[in-house]
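Observations on chain architecture
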Amino acid sequence: MADARVAADSELTQVLLAAAQRLAESIDAERVYDSFHELLEEVVPHDGVVVSSFAADEGLIRCEYAWVEGVRVDESTLPPLPLNRAGGGMQSRVIVTGEALLVNDVAERIQEPGGTYYNVDREGRIAKIPDSGPAHTTAAMMVPVKYGGAVVGVVQLMRDRGLYTHRDLELFSALVGLMHAAVRNARLQDERAQLEAVAAVERARADEREQAARVLELVGDGIILADRDGVIVFSNRAADAVTGVELCGRLAADVFGAWESVAAAVPVAREVGATSSMTLPVSVGDRELWLSFVAVESAEGVVYAFRDLTAERQFDEEKRDFVATISHELRTPMTGVYGAAQTLLRTDIEWSASQRHDLLQLIASQAERLSQIVDDLLLATNIDHDRIQISQEPVEVGELVRQTLELLEGSDVEVEAPDPSYALGDRDRIQQIVVNLLDNALKYGRPPVRLVVASAGDALQLSVRDSGTGIPREQQERIFEKFYRRDPELARAPSGTGLGLYIARALAERMGGTLEVRSVPGSGAEFVLMLPCP
Ligand code: ADP
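Rules used in this analysis
- Residues numbered from 1 in each chain as written.
- Predicted model: local features only at pLDDT ≥ 70, side-chain atom pairs only at ≥ 80, totals over all residues.
- Heavy atoms only, no water.
- Phe/Tyr/Trp six-rings, centres within 6.5 Å; stacked < 30°, edge-to-face > 60°.
- Helix = DSSP H or I, 4+ residues; strand = E, 2+ residues; numbered from the N terminus.
- Buried < 20%, exposed > 50% of the residue type's maximum accessible area, 1.4 Å probe, protein only.
- Lys NZ or Arg CZ within 6 Å of the ring centre and 35° of its normal.
- Core = buried A, V, L, I, M, F, W, Y, C linked by side-chain atoms within 4.5 Å.
- Contact = heavy atoms within 4.5 Å.
- Axes fitted to C-alpha atoms, helices over the stretch in contact; angles between N-to-C directions.
- Parallel < 35°, antiparallel > 145°, perpendicular 65-115°, else oblique.
- Left-handed = near helix turned anticlockwise from the far one by under 90°.
- Pairing = 2+ DSSP bridges.
- Nonpolar A, V, L, I, M, F, W, Y, C, P; charged D, E, K, R; others polar.
- Near = heavy atom within 4 Å.
- Polar contact = N/O pair within 3.5 Å; in protein donor to acceptor, adjacent residues only side chain to side chain.
- Areas by Shrake-Rupley, 256 points an atom, 1.4 Å probe, with all protein chains shown as cover.
- Expected span 1.5 Å × (residues − 1).
- Salt bridge = Lys/Arg side-chain N within 4 Å of Asp/Glu carboxyl O.
- pLDDT = per-residue confidence, 0-100.

Following the criterion strictly, the structure yields eight aromatic pairs and no others. Taken together, a centroid distance of 5.7 Å and an interplanar angle of 55° make the contact between Phe293 and Phe306 tilted. With Phe293 in strand 14 (residues 287-298) and Phe306 in strand 15 (residues 301-308), this residue pair connects regions lying 13 residues apart in the sequence. Across the pair, Phe306 and Phe293 agree in class, each one buried. The structure contains a cluster of three or more aromatic residues connected by ring pairs, namely Phe256, Trp259, Phe293, Tyr304 and Phe306. In this structure, Arg313 is placed above the aromatic ring of Trp290, and the distance from its NZ or CZ to the ring centre is 3.6 Å.

Here it is in structure tokens:
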């Protein structure tokens, strides 16, 4: 008896060892079920096997694998069954108690009140017995599948003829345990493979994004992505450079003045090919920029690409000013020359010698003005291209000022220049600056005009002060710009090109000095030229 038991145990051990090996070889759950069934075929006679999982949170029992009467049934066609806690359903009882069941009197059991048994036929039809007639099954075994102490499934085995022994149940239970371990393992492997695949896709996407970001960094246009709340979630280097602000993370409305009207004015295309650009003035901090925008909708918000056209705009404006000023300034003397020449050519009038002289004088002075304008233009261009020669030598400025005033004979200028006052620079260029400052003071200011030369530490200071209306603060830097003239459209404005102070300051700087203006509007302007001392 004992020997028989030992032999049986050793046979069981061998079966289980072989089973464990076979099940472990299967790497997907579906293959584990197939191997499990093949193993069962060898050791426990049966006509049907159903593996079900139980989801405690839903209270549902789902079929994972079914084999009935020689046919594999597609488990996806079987509906989940609700757990019946109170009723006599055998599957439910195993789940509730966590105990295996061995039933050799299925037919009688289901006759008991509440006794239920679900049968699956080879077509995959579920029949609730006894409601749908008597059971074919004579014996059945049901084993709970446990994980972490809880029942997570049931495996049932049934036969249509003969009975099951406790030894069958023992073997069946052991195989179910092995099967479950193998299924869990296969699922874990599967999950890991899936996670790895997800990680690989994420990595590829990140690489793509990084590559795209690198390309965007190299693009010369500013690019920003504003999300639905108007927060800038991406900006490239050019965008930060154009605005002078680290844009990422900022609210577009905090960086760009009147952002709402920009967003409303720029047409947002649905796709890249359909964009159209819009050039707008936008204030960023205290700067006014002209930006040309295009916008495209994206999943996260709106992508804006912009180009800084401020310099071009300014250049265009300068060009317009230039053409307006030059044509006006040239036309005035040209008209004088033309009118005087036409008059002289008239044959119906006898001109006296003095009248003829006056007309010729007019032609000469207007021609001189014309050549003055052309000279200014050429000089300004040469300064811009660094094509002027400037000598650096000691110049006695007091004497230079007195000689200059002799040239401007009759001008009402008071001079204060302690003798001798030396500066380092180019005599002719210093004289040109002085002439321009005195000319402006007499043209735009009012007498008295006072010129003072004084020593100021390492520098020599020459100031020209008038008693006119002065220059408003906001124009005090602008008057040094090329072609800038205050009120040039005033018909009675004195003639000029707007180049005088531009040239004067450029010359002062080339000699290592400075030229500034101080003016309290209403009480005259004072231009201060500083030159290094020898
Ligand atoms: P232009 O005399 O040819 O117009 P400038 O560059 O010499 O050009 O001067 C630029 C502008 O600065 C002038 O148009 C004038 O409006 C203003 N300006 C220059 N000097 C004075 C001054 N002393 N008082 C008031 N305005 C002045």
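Next, the rest of the story.
On to the nonpolar core, then. Soluble globular proteins: nonpolar side chains tend toward being buried together. Ranked by size, the top nonpolar core spans 44 residues in total, and within it Leu451, Leu462 and Phe527 carry the most contacts. When residues in this core are grouped by element, the largest group, seven residues, is from helix 13 (residues 500-510). Ignoring anything within four residues of it in the chain, the contact list for Leu462 reads Val397, Val401, Val434, Leu451, Val452, Val453, Phe527, Val528 and Leu529. The next biggest cluster of nonpolar side chains, apart from the first, holds 33 residues, and it includes Val145, Leu171, Val176 and Ala186.

For the rest of this paragraph, the subject is the packing of helix 2 (residues 29-43) against helix 5 (residues 166-218). Helix 5 packs onto helix 2 with a crossing angle of 165° between their chain directions and a minimal axis gap of 9 Å. Comparing their axes, helix 5 and helix 2 come out roughly antiparallel. Between helix 2 and helix 5 the crossing geometry is right-handed. Across the interface between the two elements, Ala29, Val32, Tyr33, Phe36, Leu40 and Val43 of helix 2 pack against Leu171, Phe172, Leu175, Val176, Met179, Ala182, Val183, Ala186 and Arg187 of helix 5.

Attention shifts here to the environment of Gly470. As for its position among the elements, Gly470 is in the loop between strand 20 (459-465) and helix 13. The class for Gly470 is buried, based on a relative accessible area of 9%. Sequence separation of Gly470 and Asp160 is 310 residues, and the distance between their C-alpha atoms is 118 Å. Apart from the residues within four sequence positions on either side, Gly470 is in contact with Arg486, Ser519, Gly522, Gly524 and Ala525.

A few words now on the pairing of strand 14. Bridge count for strand 12 (residues 268-269) against strand 14 is two bridges, and the pairing is parallel. From the neighbouring strand, Val268 faces strand 14, where its bridge partner is Ala295. With seven bridges joining them, strand 13 (residues 278-284) and strand 14 adopt antiparallel strand pairing. For Val284, the partnering residue across the bridge sits in strand 14 and is Arg287. In sequence, strand 13 turns back onto strand 14 through a hairpin of two residues, with Gly285 there showing a positive phi of about 60°. Sheet analysis places strand 14 next to strand 15, joined by eight bridges and oriented antiparallel.

Let's shift gears to the packing of helix 12 (residues 427-444) against helix 13. Running from N to C, helix 12 and helix 13 point in directions that differ by 145°, and their axes come no closer than 10 Å. In this structure, the crossing between helix 12 and helix 13 has a hand that is left-handed. Of helix 13, the residues touching helix 12 (which contributes Arg429, Gln432, Ile433, Asn436, Leu437 and Asn440) are Gly500, Leu501, Ile503, Ala504, Leu507 and Ala508. For the contact of helix 12 with helix 13, the per-class residue count stands at seven nonpolar, four polar and one charged.

By the secondary structure assignment, Gln476 is in the loop between strand 20 and helix 13. Residue contacts for Gln476: discarding those within four places in its chain leaves Ile471, Val517 and Ser519.

What follows covers the site of the ligand. Taken together, 18 residues lie around the ligand, and Tyr444, Arg485, Thr497, Gly498 and Leu501 are the ones closest in. Contacts to the ligand include Asn440, whose side-chain N or O atom sits 2.9 Å from an oxygen atom. Here an oxygen atom of the ligand sits 3.4 Å away from a polar atom, N or O, in the side chain of Lys443. When the ligand is considered free in solution it has 530 Å² of accessible area, and contact with the protein chains removes 97% of it. Broken down by secondary-structure element, the contributors of at least two residues to the shell around the ligand are helix 12 and helix 13. Broken down by element, the shell around the ligand gets its largest block of residues, five residues, from helix 12. Here the shell around the ligand is composed, by residue class, of eight nonpolar, six polar and four charged.

Its 15 residues place the ends of helix 2 21 Å apart at the C-alpha level, agreeing with the 21 Å of an ideal helix rising 1.5 Å per residue. Of the positions making up helix 2, those classed as buried are Ala29, Val32, Tyr33, Ser35, Phe36, His37, Leu39 and Leu40.

With that settled, consider the sheet that holds strand 22 (residues 525-532). Strand order across the open sheet formed by five strands is 17-19-20-22-21, with mixed pairing between neighbours. Strands at the two margins of the open sheet, each flanked by one partner only, are strand 17 (413-416) and strand 21 (514-519). On average, adjacent strands in this sheet sit at an angle of 20° to one another, irrespective of strand direction. Here strand 19 (residues 449-456) runs beside strand 20; their pairing, made up of seven bridges, is antiparallel.

What follows deals with the pattern of salt bridges. Charged atoms that come close allow side chains of opposite charge to pair. Tallied over the full model, the rule gives 21 salt bridges. One salt bridge in this structure joins Arg450 and Glu414, with 3.3 Å as the shortest N-O distance. Remark: Glu414 occurs in strand 17 and Arg450 occurs in strand 19; sequence separation between them is 36 residues. One network of salt bridges, in which partners are shared, links Glu30, Arg72 and Glu75.

Model confidence for the protein chain is summarised by a mean pLDDT of 86, while 92% of its residues fall at 70 or above. The element-level mean pLDDT for the protein chain is lowest in strand 7 (residues 126-129), coming to 64, with strand 22 highest at 97.

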